[in-house]
Amino acid sequence: MEPINKKMIAKGLSIAVLIIIINILHSQIDPLDISSHILLRELYFLPIILAGSRFGIYGGISASLLVTFLFLPFVLAHHLGIHGNIPGNIMQIILYNIFGIVFGLLGDRQKRQQQKLLEAESLAAMGRAVSCIAHDMKTPLVAAGGFVQQVRRKIADDSLAKKLDIAFEQICRLEILIGDMLAFAKPLNLQYQQGLINRLVEEVVKISREKASLNSVTISTELQEDIPIAEYDQHRLRQALQNLANNALEASPKGGEVIFRTQSRDTCIFIEIIDQGGGIPKEQLSDIFTPFVTTKKEGTGLGLPIVKKVIEAHKGLIDIIQNSKKGITVRVTIPLMQSRGVNE
Ligand SMILES: Nc1ncnc2c1ncn2[C@@H]1O[C@H](COP(=O)(O)OP(=O)(O)O)[C@@H](O)[C@H]1O
Ligand SMILES: [Mg+2]
């Protein structure tokens, strides 16, 4: 939800004041003046629509309830005589509340769409900037790495050699960062192929075993045997699963276990990566897919944004589920078959 600020309070109050003014006018009119009564009765819709459009469902419902609360005494007081059309007035109250809900839902939807658009625009701008920086850094870095290695081979002094080893390590780290930056920024251009997701998972598990044993973590698989053939970009999906495997291993405590599970249902495949790490606090969940957000000393914060980009390009979903005991389960859902020509 949007944080409350002074402008919002002022807008909310002015809508409430508008309702009260309409109510005062309504209570002042001559009971025989039917046209004014009808006009003011309809005028109540205005603040309800404004509140729903500006403040969403809570705003719409609050305004319609306030109108109901102020209009009801009028209905009860005039249940006899010229305005004694109780069913009509009750119908009117129901309509106020329906309008409150409908315009509230529409307001919320519009806000979500605007937010998505803003996110897409800022991600695209960030992508362009990242791509330029990464391109410009790549060539000098590769050259620097090459020179450091050449000099390192010729140096006999142990302490100097150690310093050059450290320099080379740092250059390698920067190269990984640049690789991630380019993977995040470049358009995907997916190359779909048919294949068995289980095989892809097994490849990722095989590559991850070394990192796992360094961290004293075991990796196991629970793969659905008769998993159907799916259509996906092998290279990109492998990269996404590798990023998720790395995160699970980095989060795992010594002696922990990471499980890769595959399952198919209807027209989808689920790939779950289950770890026993420290989990992700609720307040961090909305940030972890934002580029460069990391809690690790040597993290790039680009692993999950890349995963999200790849999975969404496959028209899939990624969900983070807190495990009942320890750690999280990252669930990737991708459709078995891709419709062509949309992602490219
Ligand atoms: N399996 C996990 N368990 C706990 N925290 C995680 C896990 N996966 C991701 N995170 C959190 O999300 C952050 C962003 O992850 P990521 O985008 O891969 O960047 P990086 O791994 O470079 O930090 C991590 O720094 C970590 O705080
Ligand atoms: Mg990561």
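Our subject is the structure listed above.
Calculation rules
Residues numbered from 1 in each chain as written. Chains lettered and ligands numbered in written order. Predicted model: local features only at pLDDT ≥ 70, side-chain atom pairs only at ≥ 80, totals over all residues. Heavy atoms only, no water. Helix = DSSP H or I, 4+ residues; strand = E, 2+ residues; numbered from the N terminus. Expected span 1.5 Å × (residues − 1). Bend = angle between axes of the 7 residues up to and from the residue. Pairing = 2+ DSSP bridges. Axes fitted to C-alpha atoms, helices over the stretch in contact; angles between N-to-C directions. Contact = heavy atoms within 4.5 Å. Parallel < 35°, antiparallel > 145°, perpendicular 65-115°, else oblique. Left-handed = near helix turned anticlockwise from the far one by under 90°. Nonpolar A, V, L, I, M, F, W, Y, C, P; charged D, E, K, R; others polar. Near = heavy atom within 4 Å. Polar contact = N/O pair within 3.5 Å; in protein donor to acceptor, adjacent residues only side chain to side chain. Areas by Shrake-Rupley, 256 points an atom, 1.4 Å probe, with all protein chains shown as cover. Buried < 20%, exposed > 50% of the residue type's maximum accessible area, 1.4 Å probe, protein only. Core = buried A, V, L, I, M, F, W, Y, C linked by side-chain atoms within 4.5 Å. Domains from an automatic or database assignment. Phe/Tyr/Trp six-rings, centres within 6.5 Å; stacked < 30°, edge-to-face > 60°.

(A) Local environment of helix 4 (residues 86-154). In a regular helix each residue adds 1.5 Å, so 69 residues correspond to 102 Å; helix 4 covers 99 Å between its end C-alpha atoms and thus fits that length. At K138, helix 4 shows its maximal bend, which comes to roughly 30°, and the proline P140 appears one to four places after that position.

(B) Summary view of the sheet that holds strand 7 (residues 328-335). The five strands are arranged 2-4-5-7-6 in an open sheet whose pairing can be described as mixed. The open sheet has two edge strands, strand 2 (218-223) and strand 6 (317-322), and neither has a second partner. Across this sheet, the average inter-strand angle for adjacent strands is 15°, counted without regard to direction. Both strand 6 and strand 7 contribute to a ladder of six bridges, which runs antiparallel. Looking at strand 7, one finds that D319 is bridged to R331. Across the face of the sheet, helix 6 (residues 197-214) comes into contact with strand 2, strand 4 (257-265), strand 5 (268-274) and strand 7 while running at roughly 170° to strand 2.

(C) Local environment of the packing of helix 1 (residues 6-28) against helix 2 (residues 34-43). Relative to each other, helix 1 and helix 2 sit at 165°, their axes nearing to 10 Å. By the criterion of interaxial angle, the relationship of helix 1 to helix 2 is roughly antiparallel. As helix 1 runs across helix 2, the sense of the crossing is left-handed. Mapping the contact onto sequence places I22, L25 and H26 in helix 1 and H37, L40 and L43 in helix 2. Its residues placed into classes, the contact of helix 1 with helix 2 shows four nonpolar, two polar and no charged.

(D) Examining the site of ligand 1 more closely. The immediate surroundings of ligand 1 are formed by 20 residues, with T294, T295, K296, T300 and L304 found nearest. At 2.8 Å from a nitrogen atom of ligand 1 is found a side-chain nitrogen or oxygen belonging to D275. T295 has a polar side-chain atom sitting 2.4 Å from an oxygen atom of ligand 1. Protein burial of ligand 1: of its 540 Å² of free accessible surface, 91% is covered by the chains. Elements that contribute at least two residues to the shell around ligand 1 include exactly helix 7 (234-251) and helix 9 (303-313). When residues of the shell around ligand 1 are assigned to their parent elements, the largest contribution, four residues, is made by helix 7. A per-class count over the shell around ligand 1 returns nine nonpolar, eight polar and three charged.

(E) The arrangement of the pairing of strand 5 in detail. With respect to burial, strand 5 is a largely interior element, six of its seven residues being buried. Relative to strand 5, strand 4 runs antiparallel, the two sharing seven bridges. For F260, the partnering residue across the bridge sits in strand 5 and is I273. Linking strand 4 back to strand 5 in an antiparallel pair, the connection comprises two residues, with D266 at a positive phi of about 50°. By the bridge criterion, seven bridges tie strand 5 to strand 7 in an arrangement that is antiparallel. Following the sheet pairing, I269 is matched in strand 7 by I334.

(F) Representation of the nonpolar core. With 55 residues, the main nonpolar core has I197, L244 and F260 as its most contacted residues. The greatest single-element share of this core, amounting to eight residues, is contributed by helix 5 (residues 158-185). Built from parts of two domains, this core gets at least three residues from each of domain 2 (127-185) and domain 3 (193-335). Those residues within four positions of F260 in sequence are excluded, and the remaining contacts are V201, V204, V205, I219, S220, T221, E222, L223, L241, A245, E272 and I273. With 17 residues, the next largest nonpolar core counts I22, A51, V67 and V75 among its residues.

(G) Seen up close, the packing of aromatic side chains. Counted by the stated rule, this structure contains six aromatic pairs. Pairing Y44 with Y96 gives two aromatic rings, centres 5.6 Å apart and planes at 70°, and the pair type is edge-to-face. One end of the pair, Y44, is in the loop between helix 2 and helix 3 (45-77); the other, Y96, is in helix 4, with 52 residues separating them in the sequence. Each member of the pair, Y44 as well as Y96, is classed as buried. Measuring from centroid to centroid gives 4.6 Å for F45 and F99, while their planes differ by 50°, and the two rings are tilted. Here F45, found in helix 3, pairs with F99, found in helix 4; they are 54 residues apart in sequence, far enough to count as distant.

(H) Broad picture of unusual backbone geometry. Despite not being glycine, F292 shows a phi value in the positive range, around 70°. Tracing the chain through its elements places F292 in the loop between helix 8 (282-285) and helix 9.

(I) Layout of the environment of D108. If you trace the backbone, D108 turns up in helix 4. A relative accessible area of 22% places D108 in the partly exposed class. Here the alpha-carbon distance between D108 and L25, two residues 83 residues apart in the chain, equals 31 Å.

(J) Fine view of the packing of helix 7 against helix 9. Helix 9 packs onto helix 7 with a crossing angle of 145° between their chain directions and a minimal axis gap of 9 Å. Crossing of helix 7 against helix 9: the hand is left-handed. Here R236, L237, Q239, A240, N243, L244 and N247 of helix 7 come into contact with helix 9, specifically with G303, L304, I306, V307, V310 and I311. Taken together, the residues of the contact of helix 7 with helix 9 sort by class into eight nonpolar, four polar and one charged.

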